[in-house]
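# Observations on chain architecture
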Amino acid sequence: MLALHGKGVSNGIAIGRAYVLRRERLKIPEYVVPAELVENEVRRFLTAVESTRQELSGIRDHIPPDAPVEAASFIDTHLLILNDTMVSEAPIKDIRGNQWNAEFALKTQSDRLVAVFEAMEDPYLRNKKVDVTQVVERVLRHLLNPDGRGDEPLPEELEGRVVVANDLAPADTVALKNKGITAFITNLGGPISHTAILSRSLGIPAIVAVHGATRYIDNDDELIVDGKRGVLFVAPDRIVVAEYEKRARKIARLQHELEALRTSEAVTRDGIAVQLLANIELPEDMAGVHQVLAGGIGLYRTEFLFMNRKTPPDEEEQFAAYVKVIRELPGRPVTIRTLDLGADKRADIDLPTTAVNPALGLRAVRLCLQELALFKVQLRAILRASAFGNVRLMIPMLSNLDEISRVVELVREIQEELRRNGIGFDANIPIGGMIEVPAAAVSADLFAAHLDFLSIGTNDLIQYTLAIDRVDDTVNYLYDPLHPSVLRLIAMTIDAADKQGIPVAMCGEMAGDTRYTRLLLGLGLREFSMHPSALLEIKKIVRESSVADLKNHSAQVMGARDARTLQALVDHMNGDGDQAAGE
Ligand code: PEP
Ligand code: MG
């Protein structure tokens, strides 16, 4: 038995036989093209680019309807890269200028681009080199094999198999979608790689960065994949198989139990009702919301409507995207957050950015209050949509009261304009603010006096409180939702909202993490918004909890004098059995 370790990026256990996707390394010929044949060589290059374009468009047009929404945008990204002059035109200069053959010209240009991406500090942009390489390899295959395909065909029969590959391109993952694959393992990749994102959406366990996986694993090897722990067993001993079969059965039982909770109320044992809402990014995410019968939307991340495109959606397009969600949830709250672009959330549209330190720069409401034309279009679309249901408007990343009054003023101005034009809107639309910056949490009482609700964005609140960039791997180990300073800011915010008599929610990742549910209930939180996949597990905990008991425990946690005692108290609250239940 061999144990290999990597980064678990999608939870779950899979037991199955390996299918190793071995892609031959492309051998790139290098020769000088005679002067009279140079234009032929250019045509050969352009034909290969066109074949690749048609192939990718074909994949894009035949994505199965039940594939995750990310799949289409990943293929679009590959098409954009292919259409970029740096890929589709720059090599022509070398073919003409140096009389290089097309393959060598393209490979050299690709190496230059990869070097540029590798030098970038931002991990998201650094990761883009993978896309460039994958697109270039597709064109190279067309050059090397003009009558063939830009990828290697996959076998038909992959049911129950664990796919092991050096790396998977988005197009591979789409092609693998309906084949009944049980897990993905790749040599390369990180938590934000395509394999990671897509496998989470597909609900398939995955481990990336298992260095040497394709070297150590052979086709048909028996494998156990533990996506949560990031460990993989090759040819496991019987005893290990038995143990993992037991765990897999436990997970399946828990899943079954959770499904039965879909229609149950989210009420604690002592009768306290808790709102469990969903976070969404695009209208397409609504399938997951209906699957768990969420109580509404606690966070609609509208900036996703602005990504992967060169021009922003106009008022009508935004209006349609908001109304679509509202109509699907009659009577239930839909919290539409205004644009939170900037920092880790980038768009290709032309906007001012802060290059020095984007997380502390012109992002979210700051950017909106500078780009008023863009912001007003969004506010108009949201306000018009508010006539169709129970809409709440939420402002991200507030750090002072002036930002609140400026947004409220704009809302009133646009409402007046709509009234004059006889266009419907909800005149009482609640306007809330996100508490994501320590300054906002510390003065939550002041903020609460000017807002209709608060929502705690723990992803950013933790980042800013502990001074750790949320996308920087090197300081990930410091990311700690249980840091006393974070807990104090959360408790202060909940108390401030209670005193002011306005609702307070939490919509950061912490709200969907079972390790913190009891503590947050004990601190008085009654509204949790999360990825829909977490909702039923949270509901189970809510239904098993008694707030009266949890209050005392939470008070003890807040009084803990050191990290170890604090963790022990939280573990105690969660009970011994919970860790296993969360697997
Ligand atoms: C947060 O910061 O916790 C939050 C919910 O906002 P986002 O993750 O979109 O920045
Ligand atoms: Mg945030």
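The shown structure was predicted, so the numbers you read here are calculated from the model rather than taken from an experiment.

Another aspect to go through is the overall build of the protein chain. Looking only at helices and strands, the protein chain has 25 helices and 16 strands in total. A globule of 583 residues ought to have a C-alpha radius of gyration of about 25 Å, and the protein chain, at 26 Å, matches this closely. Here the C-alpha coordinates of the protein chain stretch approximately 80 × 70 × 40 Å along the principal axes. The buried share of the protein chain, reckoned over its 583 residues, is 51%. Intrachain contacts of the protein chain at a sequence separation of at least 6 include 67% that bridge at least 24 residues.

For the rest of this paragraph, the subject is the packing of helix α1 (residues 38-61) against helix α5 (residues 102-118). Put simply, α1 and α5 touch, their axes get as near as 9 Å, and they point 60° apart. With respect to each other, α1 and α5 are oriented oblique. Here Glu-41, Arg-44 and Phe-45 of α1 come into contact with α5, specifically with Ala-102, Glu-103 and Leu-106. Class assignment for the residues of the contact of α1 with α5 results in 3 nonpolar, no polar and 3 charged.

What follows is about the packing of aromatic side chains. For the structure on display, the rule yields 4 aromatic pairs. Ring plane angle 70° and centroid distance 4.9 Å describe the contact between Trp-100 and Phe-104, whose orientation is recorded as edge-to-face. Given a relative accessible area of 22%, Trp-100 falls into the partly exposed group. Look at Phe-233 and Tyr-244: their rings are 5.7 Å apart centre to centre, the planes differ by 55°, and that puts the pair in the tilted class. Of this pair, Phe-233 sits in strand β8 (residues 231-234) while Tyr-244 sits in helix α11 (residues 238-259); the two residues are 11 residues apart in sequence, bridging distant segments of the chain. Neither Phe-233 nor Tyr-244 differs from the other in exposure class; each is buried. Over the aromatic face of Tyr-216 sits the side chain of Arg-215, whose NZ or CZ is 5.2 Å from the ring centroid.

Let us look at the nonpolar core. In this structure, Ile-297, Tyr-300, Tyr-322, Ile-490 and Phe-528 are the most contacted members of the largest nonpolar core, which totals 98 residues. Sequence-distant contacts of Ile-490, that is, excluding residues within four places in its chain, are made with Ile-456, Thr-458, Leu-461, Met-506, Met-510 and Leu-520. Membership of the second largest hydrophobic core comes to 32 residues, among which are Phe-45, Val-49, Phe-117 and Leu-143.

This part takes up the site of ligand 1. In the vicinity of ligand 1, 14 residues are found, and the nearest of them are Arg-301, Arg-337, Lys-345, Glu-436 and Asn-459. Residue Arg-301 places a side-chain N or O atom 2.7 Å away from an oxygen atom belonging to ligand 1. Separating an oxygen atom of ligand 1 from a backbone N or O atom of Gly-457 is a distance of 3.4 Å. When ligand 1 sits alone it has 290 Å² of accessible area, and the protein chains cover 99% of it.

Turning to the coordination of the magnesium ion (ligand 2), a few remarks are in order. In this structure, Glu-436 (OE) and Asp-460 (OD) serve as the protein donors to the magnesium ion (ligand 2), at separations of 2.0 Å. Of this pair, Glu-436 sits in the loop between β13 (431-435) and α17 (438-442) while Asp-460 sits in helix α19 (residues 458-466); the two residues are 24 residues apart in sequence, bridging distant segments of the chain. Across the pair, exposure class does not vary: Glu-436 and Asp-460 are buried alike.

With that settled, consider the environment of Pro-146. In this structure, Pro-146 sits in the loop between α7 (128-144) and β4 (162-165). With 95 residues separating them in the primary sequence, Pro-146 and Ser-51 have C-alpha atoms 8.8 Å apart.

A full pass over the atoms with the stated rule returns 31 salt bridges. As a salt-bridge pair, Lys-129 and Glu-118 come within 3.3 Å of each other at their nearest N and O atoms. Remark: Glu-118 occurs in helix α5 and Lys-129 occurs in helix α7; sequence separation between them is 11 residues. Counted as one network, the salt bridges with shared partners bring together Asp-226, Arg-229, Glu-243, Lys-246 and Arg-247.

Next up on the list: the sheet that holds β4. Here we have 8 strands laid out as an open sheet, ordered β1-β8-β7-β3-β4-β5-β6-β2, and mixed in their pairing. Pairing within the sheet leaves two strands with one partner each, and these edge strands are β1 (2-5) and β2 (7-10). Taken pair by pair, the neighbouring strands of this sheet meet at an average axis angle of 30°, ignoring direction. Here strand β3 (residues 13-21) runs beside β4; their pairing, made up of 4 bridges, is parallel. In the strand pairing of β4, Tyr-19 is matched with Val-163.

Attention now moves to unusual backbone geometry. Despite not being glycine, Gln-99 shows a phi value in the positive range, around 55°. Non-glycine residue Ala-209 carries a positive phi angle of around 55°. Along the chain, Ala-209 turns up in the loop between β6 (206-208) and α10 (213-216).

So, how was this worked out
Residues numbered from 1 in each chain as written. Chains lettered and ligands numbered in written order. Predicted model: local features only at pLDDT ≥ 70, side-chain atom pairs only at ≥ 80, totals over all residues. Heavy atoms only, no water. Helix = DSSP H or I, 4+ residues; strand = E, 2+ residues; numbered from the N terminus. Rg over C-alpha atoms; globule rule 2.2 N^0.38 Å. Buried < 20%, exposed > 50% of the residue type's maximum accessible area, 1.4 Å probe, protein only. Contact = heavy atoms within 4.5 Å. Axes fitted to C-alpha atoms, helices over the stretch in contact; angles between N-to-C directions. Parallel < 35°, antiparallel > 145°, perpendicular 65-115°, else oblique. Nonpolar A, V, L, I, M, F, W, Y, C, P; charged D, E, K, R; others polar. Phe/Tyr/Trp six-rings, centres within 6.5 Å; stacked < 30°, edge-to-face > 60°. Lys NZ or Arg CZ within 6 Å of the ring centre and 35° of its normal. Core = buried A, V, L, I, M, F, W, Y, C linked by side-chain atoms within 4.5 Å. Near = heavy atom within 4 Å. Polar contact = N/O pair within 3.5 Å; in protein donor to acceptor, adjacent residues only side chain to side chain. Areas by Shrake-Rupley, 256 points an atom, 1.4 Å probe, with all protein chains shown as cover. Donors = N, O, S within 2.8 Å, 3.2 Å for Na, K, Ca; no water. Salt bridge = Lys/Arg side-chain N within 4 Å of Asp/Glu carboxyl O. Pairing = 2+ DSSP bridges.

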